[in-house]
Amino acid sequence: MKIFETGPDIARACREARRPLGLVPTMGALHQGHLALVRRAREENRTLAVSIFINPTQFGEGEDLEQYPRDLERDLELLEMEGAGLVFVPPVAEEVYPPGFDTWVNVEGLSEKLEGAHRPGHFKGVATVVAKLLNLTRPDRAYFGQKDGQQTAVVRRLVLDLDMDVELVVVPTVREDDGLACSSRNAYLDPQQRRAAPVVFRALTCADTLWRCGERDGDQLRSEVRQMLEREPLVTGIDYVSVADADSLEELETVTGRTMVSTAVRMGQVRLIDNIILE
């Protein structure tokens with residue numbers, strides 16, 4: 001496994017690598033969800049490249065940039081065990097955003113909804129860093145998790161609109177045994193919150209069950225999810241409950257076609273997001 005700290009070095013290594021090349025962008029603090037992406041990419045490509053970069057431009061004022069989990073030594077050990085060939089680890093943000101940097105990618109129409117409404121500017125940071133990573137590494141395939149459902153929709157539109165020659169592979173959400181979606185931020189949950197957190201997945205599953213039984217009314221599905229979340233005393237806030245077209249993220253009155261049911265809830269200072277796809 002070779003580790004690179006600068007853009008020109010990882011770009012050169014990727015140009016010289018055996019093809020096809022798969023890229024897994026991460027912010028580190030790797031968990032089983034990340035490793036599922038890594039394993040899928042390793043299986044489908046001759047070269048596996050992984051980036052570890054806590055992207056400051058996707059954190060808003062008052063968010064957890066400074067507290068975000070970091071364990072680079074463990075991350076690199078895991079990647080070596082999983083067979084990663086190339087790892088890009090910019091040591092400072094200035095390696096990705098050098099002095100004078102002032103070019104941004106904004107996927108309008110998708111970035112302002114849901115997470116974007118509660119985290120202004122978040123997806124501008126996501127889209128910009130993803131565009132930079134794709135340009136640096138020029139992968140044949142790039143791997144993202146369905147757990148961040150809105151992010152996958154934004155990146156899909158980015159790749160389509162900018163004619164990027166890369167296949168976007170979305171890997172199903174990896175969950176703990178009790179249904180909680182794997183996330184680096186799960187480490188923030190105290191024991192009592194951790195026991196209550198699976199209510200998020202249970203609420204989404206309730207919508208899935210109703211849909212499978214024939215319910216197609218979007219408001220009814222949103223209401224059932226919200227009611228189940230509100231019955232959990234440790235849920236201190238619900239940012240949104242959405243039943244939307246999985247590609248356009250437009251809220252649906254009637255569920256037709258591929259639909260994403262998603263939510264963001266708060267347990268004290270911890271914010272959890274999750275989604276399921278109806279199709």
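Since the model is a prediction, treat every value here as computed from it, not as a measurement.

Conventions we followed
- Residues numbered from 1 in each chain as written.
- Predicted model: local features only at pLDDT ≥ 70, side-chain atom pairs only at ≥ 80, totals over all residues.
- Heavy atoms only, no water.
- Core = buried A, V, L, I, M, F, W, Y, C linked by side-chain atoms within 4.5 Å.
- Buried < 20%, exposed > 50% of the residue type's maximum accessible area, 1.4 Å probe, protein only.
- Helix = DSSP H or I, 4+ residues; strand = E, 2+ residues; numbered from the N terminus.
- Contact = heavy atoms within 4.5 Å.
- Salt bridge = Lys/Arg side-chain N within 4 Å of Asp/Glu carboxyl O.
- Pairing = 2+ DSSP bridges.
- Axes fitted to C-alpha atoms, helices over the stretch in contact; angles between N-to-C directions.

Let's shift gears to the nonpolar core. Within the largest apolar cluster, 39 residues are counted, with the highest numbers of intra-cluster contacts made by Leu86, Val129, Val130, Leu134 and Met164. Among the elements of the structure, helix 1 (7–16), strand 2 (21–26), strand 4 (86–88), helix 5 (122–137), strand 5 (141–145), helix 6 (149–161) and strand 8 (259–267) are those that each provide at least two residues to this core. Here this core gets 8 residues from one element, more than from any other, and that element is helix 5. In contact with Leu86, not counting residues within four places along its chain, are Lys2, Phe4, Ile10, Ala13, Cys14, Ala17, Leu21, Thr47, Leu48, Ala49 and Val50.

With that settled, consider unusual backbone geometry. In this structure, the amide linkage connecting Arg19 to the following residue, Pro20, adopts the cis form with an omega of 0°. Take Pro20: it is sitting in the loop between helix 1 and strand 2. If you check the backbone angles, Ala29 has positive phi at about 50° while not being a glycine. Its identity is not glycine, yet Leu114 carries a phi of approximately 50°, on the positive side. As for its placement among the helices and strands, Leu114 is situated in the loop between strand 4 and helix 4 (115–118).

In this section: the pattern of salt bridges. Counted by the stated rule, this structure contains 19 salt bridges. Among the ionic pairs, Arg40 bridges to Glu44, the shortest N-O distance being 2.5 Å. With a gap of 4 residues between them, Arg40 and Glu44 both fall in helix 2 (residues 32–44), about one helical turn apart. The class for Arg40 is partly exposed, based on a relative accessible area of 29%. Across the salt bridge formed by Asp219 and Arg222, the nearest N and O atoms sit 2.9 Å from each other. With Asp219 and Arg222 both in helix 9 (residues 218–230) and 3 residues apart, the pair spans about one turn of that helix. Assessed through its relative accessible area of 53%, Asp219 is described here as exposed. Connected through shared salt-bridge partners, Glu115, Asp239, Arg266 and Arg271 make up one network.

With that settled, the discussion passes to the sheet that holds strand 2. Taken together, the 6 strands give an open sheet; going across it, the order is 1-4-3-2-5-6, and neighbouring strands pair in parallel fashion. Two strands bound the open sheet, and with one partner strand each, they are strand 1 (2–4) and strand 6 (167–171). Recorded for the sheet is a direction-independent mean angle of 25° between the axes of neighbouring strands. Across 3 bridges, strand 1 lies against strand 4 in parallel orientation. What sits directly across from Ile3, in strand 4, is Val87. Running at roughly 170° to strand 6, helix 6 makes contact with strand 5 and strand 6 of the sheet.

Taken across its 9 residues, strand 7 (residues 237–245) has 8 buried, putting it largely inside the fold. With 8 bridges joining them, strand 7 and strand 8 adopt antiparallel strand pairing. By the bridge assignment, Gly237 is partnered in strand 8 with Arg266.

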